[in-house]
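A structural walkthrough
Listed below, chain by chain, are the residues.
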Amino acid sequence: MSRRVRIASVNVNGIRAAVRNGMIDWLDGADVDIMALQEVRATGEQLHAALPGWEIVNDEAVAKGRAGVAVVSRMPAVAVRPVLGPEALEGVDRTHWAGRWIETDFDIDGERLTVVSAYVHSGEADTPKQDAKWAFLDAMEERMPRLAVERPLSVVMGDLNVGHREFDIRNWKGNVKRAGFLPRERAYFDRFLGEAGTEVTGVDGSTGPGLGWVDVGRRFHGEVDGPYSWWSSRGKAFDNDTGWRIDYHLATAALAERVTDYRVVRAPSWDTRWSDHAPVVADYTIGV
């Protein structure tokens, strides 16, 4: 019998700090079944200590206290793949991509669901940091079509560090030359979300095949500003809602049809936040 599965994603900005600042109180009332975490910044042992009672799979960054992704759940995973793809990342030092991609399979009432927690590099235009980001986005572009074929009910979630469209950044005009809103970055999302089997022209003029994935948040909320999921610490960005929508649920077409609700859980005030990112939460109908 099918049932609602509530899936959340959040960049915790350090799991231990998030827990100290009130994450558990939020979790106690959120009724989440599966949650993708990014920027965990902790060992597996520390993560288990921070979230007792949860089933946990994770991939740590090579550098201590950096990056790190995890999927935590109320049910055990049946398979875990913590590597985006050696063929896609050939020649890229693992220090640049460890702790940034983990695929987790769940068997739920007769169906296989795949949840990916992804943490794309923030990048910095015209620097080696941006080169690492290009390599990671290239690898995503190679993996995502294969994943959709192998596991038709899949969702790639996380802090993807790109505002796809002008709706996704309040001050987009001031950021067109900055990492996070570069035309080349946005063009990847044009292809990720373009109609499968069609030739897509990106905002930067590049062309490539559409992959057919669905931006669940944009589909659910429509053509509106935001809702944003991250706010700078500068000035009064949070109070004025001058934010970026860079945290996503990207679902296969088949899974996107199962969405019954989607929301960004913005804290009521700056001082009640437990991360600089807000959780993005969606309800999916899973099971036969």
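Refer to the structure above for everything that follows.
Residues numbered from 1 in each chain as written. Predicted model: local features only at pLDDT ≥ 70, side-chain atom pairs only at ≥ 80, totals over all residues. Heavy atoms only, no water.

1. Notes on the packing of helix α4 (residues 128–150) against helix α5 (residues 183–192)
It is at 11 Å that the axes of α4 and α5 come closest, and there the two elements cross at 5°. In terms of orientation, α4 and α5 fall into the roughly parallel class. Touching Q130, K133, W134, L137, D138, M140, E141 and M144 of α4 are R184, E185, Y188, R191 and F192, all from α5. Its residues placed into classes, the contact of α4 with α5 shows 6 nonpolar, 1 polar and 6 charged. (Axes fitted to C-alpha atoms, helices over the stretch in contact; angles between N-to-C directions. Helix = DSSP H or I, 4+ residues; strand = E, 2+ residues; numbered from the N terminus. Parallel < 35°, antiparallel > 145°, perpendicular 65-115°, else oblique. Contact = heavy atoms within 4.5 Å. Nonpolar A, V, L, I, M, F, W, Y, C, P; charged D, E, K, R; others polar.)

2. Structural notes on the sheet that holds strand β7 (residues 111–119)
Here 6 strands make up an open sheet; going across it, the order is β5-β6-β7-β8-β14-β11 and the pairing mixed. With one partner strand each, in any of the chains shown, β5 (79–81) and β11 (214–215) form the two edges of the open sheet. Looking at chain direction, strand β8 (residues 154–159) and strand β14 (residues 247–251) are connected through 5 bridges and run antiparallel. Residue pairing across strands places G158 opposite Y248, the latter belonging to β14. (Pairing = 2+ DSSP bridges.)

3. A short note on the nonpolar core
A general feature of soluble globular proteins is that nonpolar side chains tend to end up buried together. If you look at the biggest cluster of nonpolar residues, it comprises 36 residues, and the most contacted ones within it are I7, I34, I108, L113, V115, L255 and Y284. Considering each element in turn, this core owes the most residues, 4 residues, to strand β16 (residues 280–286). Among residues more than four places away in sequence, those in contact with I34 are V5, R6, I7, A8, V71, V72, S73, M75, F106, I108, L113 and V115. Membership of the second largest hydrophobic core comes to 24 residues, among which are L84, A118, L160 and L211. (Core = buried A, V, L, I, M, F, W, Y, C linked by side-chain atoms within 4.5 Å. Buried < 20%, exposed > 50% of the residue type's maximum accessible area, 1.4 Å probe, protein only.)

4. Observations concerning the pattern of salt bridges
Think of it this way: side chains of opposite charge can pair up when their charged atoms draw near. The final tally for this structure, using the stated rule, is 24 salt bridges. A salt bridge links R4 to D33, with the nearest nitrogen and oxygen atoms 3.9 Å apart. Of this pair, R4 sits in strand β1 (residues 3–11) while D33 sits in the loop between α2 (23–30) and β2 (34–38); the two residues are 29 residues apart in sequence, bridging distant segments of the chain. In this structure D33 comes out as buried when scored by relative accessible area, which is 12%. (Salt bridge = Lys/Arg side-chain N within 4 Å of Asp/Glu carboxyl O.)

5. Examining the sheet that holds strand β4 (residues 69–73)
Across the sheet, which stays open at both edges, the 6 strands sit in the order β3-β4-β2-β1-β16-β15 with mixed pairing between neighbours. A single partner strand is all that each edge strand has here, and the edge strands are β3 (55–59) and β15 (259–264). Sheet twist, expressed as the average angle between the axes of neighbouring strands with direction ignored, equals 15°. One ladder, built from 5 bridges, connects β3 with β4; its direction is antiparallel. Across the sheet, V57 pairs through a bridge with V71, a residue of β4. Against the sheet, α2 makes contact with β1, β2 and β16, and its axis sits at roughly 155° relative to β2, the strand it touches most.

6. Focus on α5
Of all 10 residues making up α5, 8 are buried, and the element is well covered by its neighbours. Regarding α5, the residues found buried are E185, R186, A187, Y188, F189, D190, R191 and F192. Packing partners of the buried residues in α5 comprise α4, β9 (199–201), β10 (207–209) and β14.

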